[in-house]
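# Secondary and tertiary structure notes
Residue strings, one per chain:
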Amino acid sequence: MRVILFGATGMIGRGVLRECLLDDRISAVLAVGRSPTGVTHAKLREVRHDLLDLSGLEGELGGYDACFFCLGVSSAGMREEDYRRVTFDLTLSVARTLARLSPGSTFVYVSGAGADAHGRAMWARVKGETEVALLVLPLKGFMFRPGYIQPMYGVTSRTRLYRAVYVVTRPMFPMLRRLFGGAMTTTEQVGKAMITVAERGAPKRILGPADINSL
Ligand SMILES: NC(=O)c1ccc[n+]([C@@H]2O[C@H](COP(=O)([O-])OP(=O)(O)OC[C@H]3O[C@@H](n4cnc5c(N)ncnc54)[C@H](OP(=O)(O)O)[C@@H]3O)[C@@H](O)[C@H]2O)c1
């Protein structure tokens, strides 16, 4: 399969990129973003572009089987309109373009546990609205709501606060997994699950940590 990866420089995207490069089911990865991944691999090609304006990029995006959309921002300290511009507008602009260029292809969106279009929290509402809008497009859309994600194999978050949290939780992860395994996943499991969803779909369109781990 040939896949497009958005957010390949982030914590989840780096984990997904690693799994794609290791997995024989993936023959080519196109990483699209504003920053270089720093990774060199025969299967990987990168395109850098301002994603708030996709004009000039469309020629690169056709002919792929799946898109793994791992791009996103933390809502902490953000005004709703700024958070919405990246979370909803940018995501839908990419997805609508792919729906036109490759209708029926797979689109996996990294949402978040608690996403709810009618929720009270701003981030949950915007993520929920994004999911709803994605699910009506002519794509095989799958919403990943991973909950807590443990970064693996040297992958780190772009967010300083999260990096600090992971330093503290890393030694406790095996114990936490035994206690709360159903609510947790890893960057490795998220990456492998995305590839499996692209290959053969999934029993449901909205997938929590336990669904992701079972895939
Ligand atoms: N981390 C978790 O535990 C967790 C759990 C559940 C859900 N999520 C969701 O998963 C998504 C990714 O999380 P993460 O932890 O991987 O985040 P991260 O480490 O902060 O990485 C974010 C990625 O998005 C890209 N990005 C952000 N804004 C962009 C913009 N305007 N234009 C182009 N690229 C942009 C970043 O690119 P640059 O390198 O260029 O900045 C980076 O590749 C987010 O939506 C988050 O809410 C995360």
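What this report covers is the structure whose coordinates are included nearby. The structure displayed is predicted, hence computed values, not measured ones.

### Structural notes on unusual backbone geometry
- A positive phi angle, near 55 degrees, is found at Tyr153, a position not held by glycine.
- Mapped onto the elements of the fold, Tyr153 is located in the loop between β7 (148-150) and α5 (160-169).
- The exposure class assigned to Tyr153 is exposed, which follows from the 11 C-beta atoms found within 10 Å.

### As for the packing of helix α1 (residues 11-22) against helix α7 (residues 187-200)
- Close contact between α1 and α7 brings their axes to 8 Å; oriented N to C, the two are set at 60 degrees. As summarised for this structure, α1 and α7 are arranged oblique, according to the angle between their axes. Note that α1 runs across α7; the crossing there is right-handed. Taken together, the residues of α7 that come into contact with α1 (itself represented by Met11, Ile12, Gly15, Val16, Arg18, Glu19 and Cys20) are Thr187, Glu188, Val190, Gly191, Lys192, Met194 and Ile195.
- Residues of the contact of α1 with α7, tallied by class, amount to seven nonpolar, three polar and four charged.

### Examining the pairing of strand β4 (residues 66-69)
- Burial along β4 is two-sided: Ala66 and Phe68 and Cys67 and Phe69, pointing in opposite directions, are all buried.
- Here four bridges tie strand β1 (residues 2-6) to β4, and the two strands are oriented parallel to one another. Of the residues in β4, the one forming a bridge with Val3 is Ala66.
- Summarising the sheet, β4 and strand β5 (residues 106-110) pair through four bridges and their orientation is parallel. Bridge pairing links Ala66 to Thr106 in β5.
- In the classification by handedness, the crossover that spans β4, the intervening helix α3 (residues 80-101) and the parallel β5 is right-handed.

### Some words on the environment of Ala31
- Take Ala31: it is sitting in strand β2 (residues 28-33).
- C-beta crowding within 10 Å serves as the criterion here: with 25 such atoms nearby, Ala31 is assigned to the buried category.
- A C-alpha to C-alpha distance of 5.9 Å links Ala31 and Ile4, two positions 27 residues apart in sequence.

### Describing the sheet that holds β5
- Pairing is parallel across the open sheet formed by seven strands, whose spatial order is β3-β2-β1-β4-β5-β6-β9. The two strands at the open ends of the sheet, each matched to only one other strand, are β3 (44-48) and β9 (206-207).
- As paired elements, β5 and strand β6 (residues 140-144) share five bridges and run parallel to each other. Along β6, the bridge assignment pairs Thr106 with Lys140.

### Details of the site of the ligand
- Near the ligand, the surroundings consist of 23 residues, among which Thr9, Gly10, Ser35, Gly72 and Arg158 are the closest.
- Broken down by element, the shell around the ligand gets its largest block of residues, three residues, from α1.
- Class assignment of the residues belonging to the shell around the ligand gives a composition of eleven nonpolar, ten polar and two charged.

### Describing the pairing of β5
- With five of five residues buried, β5 lies mostly within the body of the structure.
- Of the two faces of β5, the one holding Thr106, Val108 and Val110 and the one holding Phe107 and Tyr109 are both buried throughout.
- The handedness of the β5 to β6 crossover, carried by helix α4 (residues 122-135), is right-handed.

Criteria and cut-off values
Residues numbered from 1 in each chain as written. Predicted model: local features only at pLDDT ≥ 70, side-chain atom pairs only at ≥ 80, totals over all residues. Helix = DSSP H or I, 4+ residues; strand = E, 2+ residues; numbered from the N terminus. Buried ≥ 20, exposed ≤ 12 C-beta atoms within 10 Å, placed from the backbone. Axes fitted to C-alpha atoms, helices over the stretch in contact; angles between N-to-C directions. Parallel < 35°, antiparallel > 145°, perpendicular 65-115°, else oblique. Left-handed = near helix turned anticlockwise from the far one by under 90°. Contact = placed C-beta atoms within 7 Å. Nonpolar A, V, L, I, M, F, W, Y, C, P; charged D, E, K, R; others polar. Pairing = 2+ DSSP bridges. Right-handed = clockwise from strand over helix to strand, strands pointing away. Near = placed C-beta within 6 Å.

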